[in-house]
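# Geometric and topological summary
Spelled out, the chains give:
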Amino acid sequence: MRIDWLEDILLVADTGSFSAAAERRGLTKSAFSRRLRHIESQIGAELFDRTSKPATINPQILSHRDGIVRALAVLNEVVHDLQHTETPASEVVRIGTTPSLSLTWVPELAARAHSVAPQVSTRIFARGRDDVIAMLLSRSVDLLVVPRLKGWSDALATDIVDVYDLGTERLIPYGHPGLVKMFSLNNTARLPVILYPPDTFFSAFLEHNVLPAARKIKPLNLVAETGSTIGLMGYVAEGLGFGWLPESLAGWCVKPDTLLDVSDWLPTDTMSVSVVRLKNLNHPTRDKIWAASTVLTGSES
């Protein structure tokens, strides 16, 4: 039984709904609901009554609330003691990030960590943004490297975390040269696009910051969705449609003969890339790595 599973169950019991518990976790309701279904499948029991509106925790599970609280207290104490037992030969710093940033931003951070603490190894967890935020809140990772927009309400906009901006990341529109040529000849057809699934950060970013302007240029035709930036790159390279890719990833592996930057006529926008940790978790080695990571730019949010 994982600590974060118990914490999720307890959150639903204490808040009374999936929506309120998801907000406390800094997750979308759909992402949190998927987490709960995964917990139920792993335990092999239905913990929640989804026939009621809103869904609630089953009464027999609620009767174990005090036991869950006691178990969490004991487990967290054990984890704290283990984390504060210095074992230089085998220390691990766990970094949560998104798949695209794990290829582009995180390697430099891992190199910084090794330069100031050679005895430390880094373990990278590349997941969806909501998932790695939840991992930080449950102390399953020590640091996050995630995209972020100032002013957006989530768990990173609270006073329980330290946040430093490492730099900026731009989502750039790309298209296959053949497709770009077709639409440069005043093609009146709807613009074929490859997008990210609605419950992802990139999708919310595009919908809020980019797509409204794109729709003013041409009506859009959604031809595919993928949660993978590498997958989206493949669809675009095959000429299936236009898609928006992180600039750092595109600059790293885009070939001009298969993908063209079309930001001269399709809109683009910029987000921050931030390193994040929970406050007040004093640990000499991890504090040293945090100090080294913020030297990358050192812009506190």
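Quick note: structure is the one above.
As a starting point, this report considers the structure included with it. Keep in mind the model is a prediction, meaning the values are calculated, not measured. Chains are numbered independently. Their residues run from 1 in the order of the written sequence. Confidence filtering applies because this is a predicted model: local features only for residues at pLDDT of at least 70, side-chain atom pairs given and counted only at 80 or more, and all residues used for totals across whole chains, interfaces and linings. Where side-chain values are given, they derive from all heavy atoms of the structure, hydrogens and water being excluded.

### Brief notes about the side chain of Glu 169
Operational definition: Numbered from the N terminus, helices here are DSSP runs of H or I no shorter than four residues, and strands are runs of E no shorter than two. Accessible area is worked out with a 1.4 Å probe on protein chains only. A residue is then buried under 20% of its type maximum, exposed over 50%, and partly exposed in between. Positive residues here are Lys and Arg, negative ones are Asp and Glu, while His and the chain termini are left out of the count. Salt bridges are defined as contacts in which a side-chain nitrogen from Lys or Arg sits within 4 Å of a carboxyl oxygen from Asp or Glu. Any pair of nitrogen or oxygen atoms within 3.5 Å is treated as a polar contact; in protein, a donor-acceptor pairing is required on top of that, and neighbouring residues in sequence qualify only through side-chain atoms on both sides. In this analysis, two residues are considered to be in contact whenever any of their non-hydrogen atoms come within 4.5 Å of each other.
Within the secondary structure layout, Glu 169 lies in strand β6 (residues 161–175). For the buried residue Glu 169, which engages in no salt bridge, the nearest side chain bearing the opposite charge is Arg 170, 7.6 Å off. Looking at Glu 169, its side chain comes within polar contact range of the main-chain nitrogen of Glu 247, at 3.0 Å. Excluding residues within four positions of it along the chain, Glu 169 makes contact with Leu 101, Trp 105, Pro 246, Glu 247, Ser 248, Asp 269, Thr 270, Met 271 and Val 273.

### Structural notes on unusual backbone geometry
In this structure, Arg 139 is a non-glycine residue whose phi angle is positive, near 65°. Within the secondary structure, Arg 139 sits in the loop between α8 (129–137) and β5 (143–148).

### Observations regarding the packing of aromatic side chains
How we decide: Here a pair means two rings of Phe, Tyr or Trp (six-membered ring of Trp) with centres within 6.5 Å. Their orientation is stacked below 30 degrees between planes, edge-to-face above 60, and tilted elsewhere.
All told, the structure shown has six aromatic pairs when counted by the stated rule. Judged by centre distance (5.3 Å) and plane angle (65°), the rings of Tyr 196 and Phe 202 are edge-to-face. Phe 202 shares its class with Tyr 196; the two are buried. With a centroid separation of 6.3 Å and an interplanar angle of 50°, the aromatic rings of Phe 201 and Phe 202 are classed as tilted. For Phe 201, a relative accessible area of 12% puts it in the buried group. With a relative accessible area of 12%, Phe 202 lands in the buried category. A connected cluster of aromatic rings, assembled from ring pairs, spans Phe 183, Phe 242 and Trp 265.

In short, the description is geometric, and any link to function would need to be established separately.
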